[in-house]
Amino acid sequence: MALTASPSPAADPAAESAAPFPGASAPLTVGFDLDMTLIDSRPGIRDTYRELSARTGVWIDAELAVSRLGPPLEHELAHWFPQERVEEMAAAYREIYPTHAIEPSLALPGAGDAIQAVRAAGGRSVVVTAKNEPHARLHVAHLGLEPDAVVGRLWAEAKAEALRAHRAAVYVGDHLGDIRGARAAGALAVSVATGPYDQEALRAAGADVVLPDLTAFPAWWAGYAERVAALA
C-alpha cells in the first residue's frame, strides 16, 4: 500500500526524534544527497582536479579537496584560484568532469537498497545535491540508482527549495549543510557518517537520526514507514 503523509507528527524515541509530515494525501518522499551519501565520488573528483591542475599549471591538492566535499564547486576552487578566475575554472572543471569522474565513482554500500526500500513502500525518492544536475544525472544513471527525480546546484538551506517542492518528509545526507537543508524544509534530518563527519558530530549538529551508513537505512525506514502508515 502506498504511504501517504499525515499532518500530525509522531514521537518515537527509537527514531531519535519526532517525525515531521508535510501534508495529507501526498506520497511520502525521501530526499537524498549525492556525494558521500549515495556515491563515493572521491576517485573521480580527485582525477578531475588533477587534470584541471595539469591543464592550468596551478597546483591543486586533490586529496585535500576530496576530503571536504559537500559545498558547491566554486567554494573549493576559490582555495586555488583568484576570485576573478573561479567562474572560468568551474566551467573548465565541468567540461573535464564527465570523462574523468563518472566511471571511477562507486555507489556507497546500501545506496541502491535505500532507494528501493522507499519505492517498495510506495514512496518517492529525490536526489538533491550541490553538484550540477547534468553530472548528477550521469552518476545515478551509470550506477543504476533510479531515483524518481534529480535536482542539482543547491547547497545547505537552499536545498529546502527542492525538498519543499517535492514535499519531502525526510532528507538523508552526510554533511552539516544537509542537516541545515532538512531543517529549512521542515523535513526529518537523517545523517549518515560516510562523509567528513562522524556520528557524534552529526548528532551534535542537530541531526534527528544518525546512521553509520545507508546499509542501516532500510531497517530504520521500515519502522518510520510503519508509523506513517498508522497515522495516514
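Keep in mind it's a predicted model, so treat the numbers as computed, not measured.

**A look at unusual backbone geometry**
A negative phi angle characterises most non-glycine residues, just as the trans form characterises most peptide bonds. The phi angle at Met-36 is positive, at roughly 65 degrees, despite the residue not being glycine. With a phi angle near 55 degrees, Ala-156 is a residue other than glycine that sits in the positive phi range. Looking at where Ala-156 falls in the secondary structure, it is placed in the loop between β5 (149–151) and α7 (159–165). For Ala-156, a relative accessible area of 1% gives the class buried.

**Focus: the sheet that holds strand β4 (residues 124–128)**
Note: strands within a sheet are paired through backbone hydrogen bonds, in either parallel or antiparallel orientation. The six strands lie next to each other as β5-β4-β1-β6-β7-β8, forming an open sheet whose pairing is parallel. Looking at which strands have only one partner, the edges of the open sheet turn out to be β5 and β8 (209–211). Taken over all neighbouring pairs, the strand axes of this sheet differ in orientation by 20 degrees on average, direction set aside. As paired elements, strand β1 (residues 29–32) and strand β6 (residues 168–173) share four bridges and run parallel to each other. When the sheet's bridge partners are listed, Thr-29 is paired in β6 with Ala-168. On top of the sheet, helix α5 (residues 111–120) reaches β1 and β4; it is set at about 165 degrees to β1, its chief contact. Most of the contacts of helix α8 (residues 176–185) go to strand β7 (residues 188–192), to which it runs at about 165 degrees, and overall it touches β6 and β7.

**Topic: the nonpolar core**
The biggest cluster of nonpolar side chains holds 32 residues, and the ones touching the most others in it are Phe-32, Leu-38, Phe-217, Trp-220 and Trp-221. When contributions to this core are tallied by element, the ones reaching two or more residues are β1, α5, α6 (133–143), β6, β7, β8 and α10 (217–231). For this core, the element with the most residues is α10, which contributes six residues. Core analysis: the next-biggest nonpolar cluster, separate from the first, contains 21 residues, Leu-73, Ile-96, Tyr-97 and Ala-101 among them.

**Concerning the confidence of the model for the protein chain**
Residue-level pLDDT values for the protein chain average 90, and 88% of them are 70 or greater. Below pLDDT 50 for its whole length, residues 4–25 participates in 55 contacts with residues either more than four positions away or in separate chains.

**Structural notes on the packing of helix α4 (residues 83–101) against α6**
One way to put it is that α4 packs onto α6 with a least axis distance of 11 Å and a crossing angle of 5 degrees. Taken as axis vectors, α4 and α6 run roughly parallel relative to one another. Listed contacts from α6 to Arg-94, Tyr-97, Pro-98 and Ala-101 of α4 are His-135, Leu-138 and His-139. Looking at side-chain class alone, the contact of α4 with α6 contains four nonpolar, two polar and one charged residues.

**With respect to α8**
Every buried residue of α8 is accounted for by Gly-177, Asp-178, Ile-179, Gly-181, Ala-182 and Ala-185. Residues of α8 that are buried in the fold lie against α7, β6, β7 and α9 (199–204). Following α8 by one or two positions, Gly-186 has its phi on the positive side, about 70 degrees.

**A closer look at the packing of aromatic side chains**
As enumerated under the stated definition, the model contains eight aromatic pairs in all. On the basis of an interplanar angle of 50 degrees and a centroid distance of 5.0 Å, the ring pair of Tyr-49 and Tyr-93 is categorised as tilted. Taken as a pair, Tyr-49 in helix α1 (residues 42–56) and Tyr-93 in helix α4 lie far apart in primary sequence, 44 residues in all. Of the two residues, Tyr-49 and Tyr-93, both sit in the buried class. For the pair Tyr-93 and Tyr-97, a centre-to-centre distance of 5.7 Å together with 45 degrees between the ring planes defines the contact as tilted. With a gap of four residues between them, Tyr-93 and Tyr-97 both fall in helix α4, about one helical turn apart. Here Tyr-93 matches Tyr-97 in class, with each residue buried. In this structure an aromatic cluster arises from ring pairing among Phe-32, Phe-217, Trp-220, Trp-221 and Tyr-224.

**Focus on α6**
Taken as a whole, α6 has its buried residues at His-135, Ala-136, His-139 and Val-140. End-on view of α6: buried residues confined to an arc of 135 degrees, all on one side of the axis. The exposed set on the far side of α6, more than 90 degrees from its buried face, consists of Pro-134 and Ala-141. Trailing α6 by a residue or two, Gly-144 shows a phi angle of about 65 degrees, which is positive.

Thresholds, definitions, all that
Residues numbered from 1 in each chain as written. Predicted model: local features only at pLDDT ≥ 70, side-chain atom pairs only at ≥ 80, totals over all residues. Heavy atoms only, no water. Helix = DSSP H or I, 4+ residues; strand = E, 2+ residues; numbered from the N terminus. Buried < 20%, exposed > 50% of the residue type's maximum accessible area, 1.4 Å probe, protein only. Pairing = 2+ DSSP bridges. Axes fitted to C-alpha atoms, helices over the stretch in contact; angles between N-to-C directions. Contact = heavy atoms within 4.5 Å. Core = buried A, V, L, I, M, F, W, Y, C linked by side-chain atoms within 4.5 Å. pLDDT = per-residue confidence, 0-100. Parallel < 35°, antiparallel > 145°, perpendicular 65-115°, else oblique. Nonpolar A, V, L, I, M, F, W, Y, C, P; charged D, E, K, R; others polar. Phe/Tyr/Trp six-rings, centres within 6.5 Å; stacked < 30°, edge-to-face > 60°. Arc of directions from axis to C-beta.

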